[in-house]
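Next come the chains, spelled out residue by residue.
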Amino acid sequence: MNPRTGIYRGRFAPSPTGPLHFGSLVAAMGSYLEARSHGGEWLLRIEDVDAPRCSPAAADSILRTLAACGFEWDGEPLWQSRRSEAYAAALERLKDAGTVFPCACTRRELADSALAPDGAAIYPGTCRAGLAPGREARAWRLRVGQARIGFDDAVQGRIESDLAAEAGDFVLRRADGLFAYQLAVVVDDADAAITHVVRGADLLLSTARQIYLQQCLGVPTPAYAHLPVAVNAAGEKLSKQTLAVAIDNTRPVLALHAALDFLGQRPPADLGRGTVAELWAWAGANWRLQQVPRGPATVSATVA
Ligand code: GLU
């Protein structure tokens, strides 16, 4: 809840790298039901900031599937690809404050760095005190110093993070000139006055970075709830890379029922044979965030 306005504002922020699969349907459903059960708004944001990995066709397909599933979002979807000016302005503020620094390191030069839990290289600090003579800036990184971030996640409980050990100075503007996901998310959530972020627990490692960045930019920190990650029978997160199947637009109730079940809501079996409207009516009346398991959990082959 925004303490000044009393408004709950949530969002769903898919990356259009492929069609909507079960894992992203779970995030859409959890964020939607949490927002609606608080009488709040639910915004849609297409996270196409990483343009080379995204496609307009995938965005279009995601929007069609969400509509077929009966999701009703407030206002027009926001497209990150149209927000470069806002990201550039935020980066300028950080430059003025000295919280970011230019980095000349190439991927190869960072190849021997320690790895963060998410597999990214932890920056060894090479350019932190200034570029070596003759080197040119490629990327911009945020100084994390000795920052420690703690937050209470509504599903996962207390999370404590030591940013130097878990992330290091992370990139805000990439060598290819694109703004990094971390910056885009923080600027977009702040500009849209998002009060609650409900998303997959695969993003849990990003949250401490985002909270630190919010602090550097002087914007509010939303409340967080990270939903269990859906994995396939091999224990892999459902994603385009693991070839998760797209939600079948002609049978949305089946997928919605499976998502409700996955989120621990124990929907009656016959709800899966009814209409989309009936399913949402039941879900709206019975949604309990406290019933959501921490996960991760396996989903059946029919939806995975
Ligand atoms: N775009 C991200 C994804 O699809 C979600 C980002 C977020 O919810 O903050 O995984």
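Residues numbered from 1 in each chain as written. Predicted model: local features only at pLDDT ≥ 70, side-chain atom pairs only at ≥ 80, totals over all residues. Heavy atoms only, no water.

Q: How should the environment of Glu160 be read in this particular structure?
A: Within the fold, Glu160 resides in strand E7 (residues 157–162). Glu160 gets classed as exposed once you look at its relative accessible area, which sits at 55%. Sequence spacing of Glu160 and Ala208 is 48 residues, and the spatial spacing of their C-alpha atoms is 8.1 Å. Look past the residues within four positions of Glu160 in its chain and what remains in contact with it is Ile149, Gly150 and Glu166. Here Arg158 takes part through its side chain, which lies 3.0 Å from a polar atom of the side chain of Glu160. (Helix = DSSP H or I, 4+ residues; strand = E, 2+ residues; numbered from the N terminus. Buried < 20%, exposed > 50% of the residue type's maximum accessible area, 1.4 Å probe, protein only. Contact = heavy atoms within 4.5 Å. Polar contact = N/O pair within 3.5 Å; in protein donor to acceptor, adjacent residues only side chain to side chain.)

Q: Looking at this structure, how should I read the sheet that holds strand E4 (residues 100–103)?
A: Hydrogen bonds along the backbone pair up the strands of a sheet, which may run parallel or antiparallel. Read across the open sheet, the three strands follow the order E4-E5-E8; overall the sheet is antiparallel. The two strands at the open ends of the sheet, each matched to only one other strand, are E4 and strand E8 (171–173). Shown here is a sheet whose adjacent strand axes are inclined to one another by a mean of 40°, direction ignored. The sheet contact formed by E4 and strand E5 (residues 139–142) spans four bridges and is antiparallel. (Pairing = 2+ DSSP bridges. Axes fitted to C-alpha atoms, helices over the stretch in contact; angles between N-to-C directions.)

Q: When you look at the side chain of Arg45 in this model, what are you seeing that I'm missing?
A: Secondary-structure assignment places Arg45 in strand E2 (residues 41–46). With a relative accessible area of 3%, Arg45 lands in the buried category. Reaching out from Arg45, the side chain makes a polar contact with the side chain of Asp189 at a distance of 2.7 Å. When residues no more than four places from it in sequence are discounted, the contact partners of Arg45 are Arg11, Phe12, Ala13, Pro14, Leu78, Gln80, Val185, Asp188 and Asp189.

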